[in-house]
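# A structural walkthrough
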Amino acid sequence: MKKQITLVAMVLLIIAGIGTGCKKETGAERSLKKKIEGKWQVAKVETTIEGAPMESYTGIAADFFEFRNDENDQVEVNIGTERTLGTYAVLVTANINLLLSGKLLNAEVNTITDNKFEFTATVNGASPKETRKYFLTR
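Numbering of residues starts from 1 in each chain and follows the order in which that chain's sequence is written. Since the coordinates come from a predicted model, pLDDT governs what is reported: local features require at least 70, and pairs of side-chain atoms require 80 or more to be given and counted, while whole-chain, interface and lining totals use all residues. With hydrogens and water stripped out, all remaining heavy atoms of the structure feed into the side-chain values.

The subject of this paragraph is the overall build of the protein chain. Counting from the N terminus, the helices are DSSP H or I runs at least four residues long and the strands are E runs at least two residues long. On a plain count of helices and strands, the protein chain comes out with 2 helices and 9 strands. Ordering the α and β elements of the protein chain from the N terminus gives α-α-β-β-β-β-β-β-β-β-β. The proportion of buried residues among the 138 residues of the protein chain is 30%. As displayed, the protein chain has an accessible area near 8900 Å², and 57% of this comes from carbon and sulfur atoms. Note on exposure labels: buried denotes an accessible area under 20% of the residue type's maximum, exposed denotes more than 50%, and partly exposed covers the range between, all computed with a 1.4 Å probe on protein chains only. Where accessible areas are quoted, they stem from the Shrake-Rupley method and a 1.4 Å probe; at the residue level, only the protein chains shown are allowed to cover.

The next point concerns the nonpolar core. Nonpolar cores are built from buried Ala, Val, Leu, Ile, Met, Phe, Trp, Tyr and Cys residues. Side-chain atoms within 4.5 Å join them into one set. Core analysis: the largest hydrophobic core is formed by 23 residues, its most contacted members being Phe65, Phe67, Phe117, Phe119 and Tyr134. Looking at this core, the elements with two or more residues in it are helix H2 (32-36), strand E1 (38-49), strand E3 (64-67), strand E4 (74-79), strand E6 (96-100), strand E7 (103-112), strand E8 (116-123) and strand E9 (130-137). Ranked by residues supplied to this core, first place goes to E8 with 4 residues. Any two residues whose heavy atoms approach within 4.5 Å at even a single point are treated as in contact. What Phe67 contacts, discounting residues up to four positions off in sequence, is Ile36, Glu37, Gly38, Trp40, Gln74, Val75, Tyr88, Leu98 and Phe117.

Moving on: the packing of aromatic side chains. Paired rings are identified among Phe, Tyr and Trp, the last through its six-membered ring, by centres lying within 6.5 Å, and are further divided according to the angle between planes into stacked (under 30 degrees), edge-to-face (over 60) and tilted (the rest). Under the definition given, this model contains 8 aromatic pairs. For the pair Trp40 and Phe117, a centre-to-centre distance of 5.4 Å together with 55 degrees between the ring planes defines the contact as tilted. Of this pair, Trp40 sits in strand E1 while Phe117 is found in strand E8, placing the two residues 77 residues apart along the sequence. By the burial criterion, Trp40 is buried, and Phe117 matches it. Both rings, one in Phe67 and one in Tyr88, keep their centres 5.1 Å apart while their planes meet at 85 degrees; by these two values the pair is edge-to-face. Residue Phe67 is found in strand E3, and its partner Tyr88 is found in strand E5 (residues 82-90); the two are separated by 21 residues along the sequence. Residues Phe67 and Tyr88 agree in their burial class; the two are buried. Put simply, the rings of Trp40, Phe65, Phe67, Tyr88, Phe117, Phe119 and Tyr134 touch in pairs and so form one group of aromatic residues. Charges are assigned to positions over rings by a cutoff of 6 Å between ring centre and Lys NZ or Arg CZ, combined with an angular limit of 35 degrees from the ring normal. One residue, Lys44, lies across the ring of Phe135, its end atom 4.8 Å from the ring centre. The aromatic ring of Trp40 is capped on one face by Arg138, whose charged end is 3.8 Å from the ring centroid.

Now for unusual backbone geometry. In this structure, the amide linkage connecting Ser127 to the following residue, Pro128, adopts the cis form with an omega of 5 degrees. Considering the arrangement of structural elements, one finds Pro128 in the loop between E8 and E9. With a phi angle near 45 degrees, Asp73 is a residue other than glycine that sits in the positive phi range. Of note, the phi angle at Ser101 is positive, near 50 degrees, even though the residue is not glycine. Structurally, the position occupied by Ser101 is in the loop between E6 and E7.

Here you go:
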């Protein structure tokens, strides 16, 4: 009888541990890296080069950003006919850096929700200054 009570108590503790230990982070609790992971569709890209009018590109179904959670923190980008594989880093300041096609983009996150991601990226070292605003959705 004592063995059965001990066995039942152990099983209940294991079940309780599994139930509380596997809690999925949602919403504001998740880190920025967790929020941006996965595939995002490109809705629009606004590019501004200093001294020139802004150019706007409306995304098509094949356009995407895919932020991967691998040991290299890779990001795959397909916009128009250009397909690029690069890397990304989430900074302590809750911003991101993207290295795409040899260009370093310093990005400030404007909006991030479960289905909307907007950020403004400045191409580091570009002369004249180049800024791109990305509008992504899921």
